[in-house]
Amino acid sequence: GERGIYKSIDGGKTWKRVLGDTEWIGATDIIVDPRNEDIMYAATWQRHRTIAAYMGGGPGSGIHKSTDGGETWTKLSSGLPTSNMGKIGLAISPQKPDVLYAAIELDRRKGAVYRSENKGISWNKMSDEVAGGTGPHYYQELWVSPHQFDKLYLANNVMKISTDGGKTFESMNVKNIHVDNHAVAFKKNHPNYIMIGCDGGLYESYDNTKTWRFFSNLPITQYYKLAVDDALPFYNIFGGTQDNNSHAGPSETDNSHGIRNADWQITFFGDGHQPATEPGNPNIIYNQLQQGVLARVDRATGEYVLIKPQPKEGEPFERFNWDAPILVSPHDPKRIYCASYRLWRSDNRGDQWKPISKDLTKDQNRIELPIMGRKQSYDNPWDFYAMSTFNTITSISESPVQKDLLYIGTDDGSIWCSENGGDEWRQIELSSIPGAPKNAYVNDIKTDQFDPNTVYVVLDNHKNGDFKPYLFKSTNKGKSWQSISQGIPDRTILWRIVQDHVSKDLLFLASEFGIYCSVDGGSHWVQLKGNVPTISFRDLVIQKRENDLVCASFGRGFFILDDYSFLRKISAETVEKKAHLIHAEDAHWYIQRQVMGWGEKGAQGDGYYVAPNAPYGATFTYYLRESIKTDKKKRQESEKKEKGDVPFVGWESLDLEFNEEEPKIMFVIKNESGKVVRRLFAKAQKGFHKITWDMRFPASNMIKLNPNPLGNNDWTPKGIMAPPGKYSVSMYQKANGNTIKLSEPLSFELKKLHQGSLKGMEVTESASYWEKMDDFSKNLSLLYADLSLSKKKVKALRKALDLSLTDAGNLDVEIRKLQEELFELDRKIHGNKSKRDAGEKTDYVLSERTWITLWGSAGSTYGPTEDHLMSFELVKKQFSTYRNELDQILNNKIPNIEEKLIKNRSPYIEGR
């Protein structure tokens, strides 16, 4: 780790440091002799970073050996470099464990590979090979092939491979894959297999790196910053990634599968950083790569124009941060800001720039700043290439309620304010903020959405070894400040703050370990945990139209909290209520597309990646202060608390427990005229919950007393769609046979999303037709069930006849005649049985014509065609005839024969 090597002998419950004795001595590698687990080798690394600079070596770097399981160590030196060693990668030969390898960083971004044949006693320099690209601090890992002696893999921008123990190296084939390699895995019994982990994800080769397979189903993108547009019907998300370009993709799709990889596109190249969008014009976006290389992208054509501000003749180098900020003015969509060491403004989307400030940084020479306690020699292993340019602006904010009220923050601990569009600037010293580190990095600065006097600032001091959360608020334009980070755990770096656009006290915070929310202006913070991993979130944006909180994680892609507006209604009073139906969302009304066939991934296999859409339908948010429990659950919990004898509650009480129903929360949905269209149920568990109505009536499929146990358990029947319009929902509690109303109704609306290319029926007429078809479908399913029941009863009649005291003769003939009638009726309904069994086509009998009628318009809001209506009239006519025939058999003929059999002492038939 960063502080050396630690050892645990109790499964990780407790640890002690066994190597490394100062804050600057870390460890980069540890390997164990496969023949003896007490023999191990470790690489230490003396390095230090500050907010300004990075130094990657020192006298504390080296290779150490332990023969007692890490309790004591000996530093190895024979044949190794004597000074300026930096990061070290170690490997041990699986074939000959006496042979060790080390890739050692030397001086500035140089290095060499060393080899020992005697367990590290002495070493030989094999080559001046070292990781390239951005430098050894980023790579330097070393692996040995388990299949070939002396075959090495050295991590690099392009992986380097040696087959002679490090004397010579050649570059690995990287055709069609990403670069910047960091991890390797092998298969024990497959010498041509290798798996590579790199900045682009995970790849594997089965032919010794000649060709590669990419794992596209891992959502592991590292996003620095994000933006959203206002496109309809679904907005888009834009993100800048670590080494994987700038991306754009939909927040939601109208298909049933979700958001596929194919829905995303690259909008700009390089390391992606801060994107921005133009309100009202989703085709214009801004992307940038590191050090402020800014582009305006026209999504209509895919073309981009580089618009990075340029210094004039005689001006110094324009220092841009690695992750330079950009801001579209909330007052003019054509006005944009970006920043280097000074603030720039363009009033024509970047075609022309004007600096509106002087140098707002401390303009330091960072090689003169102390590192590891003192100023260091130029000859030491500095690596400024690995760092962002220093003394730069990191954050920009313009008040949405006061034009030209600007704030900026820097990476060297400065905040500046201008109230006149940049003509004059006032510095806010961090030393004036109680508890703030004086040289902290300003991760974020935000002006209040409602009050021009209020501003928030997020500071970051982790590069100086300080991981505390720093969040401050000023209500007088920075003249005085108060901390509002109470309740956020220590050692939690904070990245971004956003404020709701409706409720001034509703705030969200992105941190190194998840997302936090405050409903009281920052006095108290609560971590949001619903499906949110405890990882680094670098940016947050609110899509105001949809009330969505969009979150950029650094390693797991994007997360969206859909319609968080219910949080505006959360208060101390809310959580004291027994139950509360908080919010009912309006919903888009449409039929989902099936662009890949049926199911989440169609027939694409598990390797195909899709992210879930927002829930399809109208979503309701509710709260329960406590879980509702059965008497049995209450008794069991009470008994667990008993320290002595457990009292017996009595047989009567126990017997009542057997008849208890599990408590449920019920939601009753009604249309505008007050007619119930659906009842939904949820578990009665405490806390905040969401439930979604799929905008359908209940399924009308027949409920069978003896369902087929071999049926398709993955298929859930669905009812017909409810039409667009206004609805209401109420919440109830169902427990122990009692139904208690828990809320007054909330109104919501189903809004039609698409307008078809062809004008069909009015939606209300289509909905009326669907209802008629649904009713017919229910009656048809009863006809099918009664036909099946009749055939079973006639079969039972024959068996009862055989067991009766009936004389041979008339009843035998009657039952046979009844079987023939049912067979003929079955043929009229389902078609010729011999043809069906052979797979031959049959005439359009009732079942065939009904299928066309039922499904002909089910996949469209266009409505039924004339042919559908004609078919419907035909099937209704046929149905009426066959229903009458079957009723005569089921209600008259079968009971008459049954009575005759009973008189002759036959057994009873079930269901009599």
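Note: the structure precedes this text.
Residues numbered from 1 in each chain as written. Predicted model: local features only at pLDDT ≥ 70, side-chain atom pairs only at ≥ 80, totals over all residues. Heavy atoms only, no water.

> I'd love a proper account of the packing of aromatic side chains, names of residues and values included.
Under the defined criterion, the tally for this structure stands at 26 aromatic pairs. Centroid distance Y203 to F214: 5.0 Å. Interplanar angle 40°. Geometry classified as tilted. Within this pair, whereas Y203 is found in strand β19 (residues 201–205), its partner F214 is found in strand β20 (residues 213–214), the two being separated by eleven residues in sequence. Given a relative accessible area of 7%, Y203 falls into the buried group. Taking 5.4 Å as the distance between ring centres and 70° as the angle between the ring planes, the aromatic pair formed by F776 and F879 counts as edge-to-face. Residue F776 is located in helix α4 (residues 763–802), and its partner F879 is located in helix α8 (residues 866–903); the two are separated by 103 residues in the primary sequence. According to the relative accessible area criterion, F776 is buried, its value standing at 6%. Taking the relative accessible area as the measure of exposure, F879 reaches 13% and is therefore buried. Directly above the aromatic system of W45 lies the positively charged group of R47, at a separation of 6.0 Å from the ring centroid. (Phe/Tyr/Trp six-rings, centres within 6.5 Å; stacked < 30°, edge-to-face > 60°. Helix = DSSP H or I, 4+ residues; strand = E, 2+ residues; numbered from the N terminus. Buried < 20%, exposed > 50% of the residue type's maximum accessible area, 1.4 Å probe, protein only. Lys NZ or Arg CZ within 6 Å of the ring centre and 35° of its normal.)

> A description of the pairing of strand β18 (residues 190–198) should follow, citing residues and the corresponding values.
Here strand β17 (residues 181–187) runs beside β18; their pairing, made up of six bridges, is antiparallel. For A183, the partnering residue across the bridge sits in β18 and is G197. Turn length for the β18-β19 hairpin, with the two strands adjacent in sequence and antiparallel, is two residues. (Pairing = 2+ DSSP bridges.)

> Any details on the environment of I30? Residues and values, ideally.
Mapped onto the secondary structure, I30 falls in strand β3 (residues 25–32). The spacing of I30 and A91 is 61 residues in sequence and 8.6 Å in space, taken between C-alpha atoms. I30 has contacts with I5, M40, Y41, A42 and W73, leaving out every residue within four places of it along the chain. (Contact = heavy atoms within 4.5 Å.)

> Go over unusual backbone geometry with me, naming the residues and quoting the values.
It is generally the case that most residues other than glycine have a negative phi and that most peptide bonds are trans. Note that the residue after L232, namely P233, is joined by a cis bond; omega there is 0°. In this fold, P233 is placed in the loop between β21 (223–228) and β22 (236–241). Positive phi, normally seen in glycine, also occurs at Q140, with a value near 80°. With respect to the helices and strands, Q140 occurs in the loop between β12 (124–127) and β13 (142–144).

> Lay out helix α7 (residues 846–855) in plain terms, naming residues and giving numbers.
Among the residues making up α7, those that are buried are L846, S847, R849, T850 and T853. With its buried residues spanning 160° around the axis, α7 presents them on a single face. Residues of α7 that are exposed and angled more than 90 degrees away from the buried face: W851 and W855. Elements that come into contact with the buried residues of α7 comprise α4, α5 (810–830) and α8. (Arc of directions from axis to C-beta.)

> Lay out the packing of α4 against α5 in plain terms, naming residues and giving numbers.
α5 packs onto α4 with a crossing angle of 160° between their chain directions and a minimal axis gap of 10 Å. Looking at the two axes, α4 sits roughly antiparallel to α5. Read as a crossing pair, α4 and α5 show a hand that is left-handed. Here L783, Y784, L787, S790, K791, V794, L797, R798 and L801 of α4 come into contact with α5, specifically with L811, D812, I815, R816, L818, Q819, L822, L825, D826, I829 and H830. Residue composition of the contact of α4 with α5, grouped by class: twelve nonpolar, three polar and five charged. (Axes fitted to C-alpha atoms, helices over the stretch in contact; angles between N-to-C directions. Parallel < 35°, antiparallel > 145°, perpendicular 65-115°, else oblique. Left-handed = near helix turned anticlockwise from the far one by under 90°. Nonpolar A, V, L, I, M, F, W, Y, C, P; charged D, E, K, R; others polar.)

> Which residues make up empty space enclosed by the protein, and what values go with them?
Overall, the coordinates contain one cavity of 30 Å³ or more when judged by the stated rule. In this structure, the largest cavity spans a volume of roughly 60 Å³. Around the largest cavity, the lining residues are I51, N321, R366, M387, S388, T389, F390, D411, Y441 and K463. Partitioning the lining of the largest cavity into residue classes produces four nonpolar, three polar and three charged. (1 Å grid on protein atoms, 1.4 Å probe; cavity = no way out; pocket = protein on both sides within 12 Å on 5 of 7 lines; lining within 4 Å. Points joined across faces, edges and corners; volume = space filled by probe spheres on them.)

> Give me the packing of α7 against α8: which residues, what numbers.
Relative to each other, α7 and α8 sit at 145°, their axes nearing to 9 Å. The interaxial crossing formed by α7 with α8 has left-handed handedness. Of the residues in α8, those touching α7 at L846, R849, T850, I852 and T853 are H868, S871, F872, L874, V875, Q878, F879 and Y882. A class-by-class count of the residues in the contact of α7 with α8 yields seven nonpolar, five polar and one charged.

> Which residues make up the state of the cysteines, and what values do they have?
Scanning the model with the defined rule gives zero disulfides in all. Free cysteine C338: the closest other cysteine sulfur is in C417, separated by 19 Å. (Disulfide = S-S within 2.5 Å.)

> Can you explain the side chain of N245? Please cite residues and give values.
Residue position: N245 is located in the loop between β22 and β23 (246–250). A residue is classified by how much of its surface remains accessible, and N245, at 19% relative accessible area, is buried. Ignoring anything within four residues of it in the chain, the contact list for N245 reads G239, G240, I266, F268, F269, G270 and G272.

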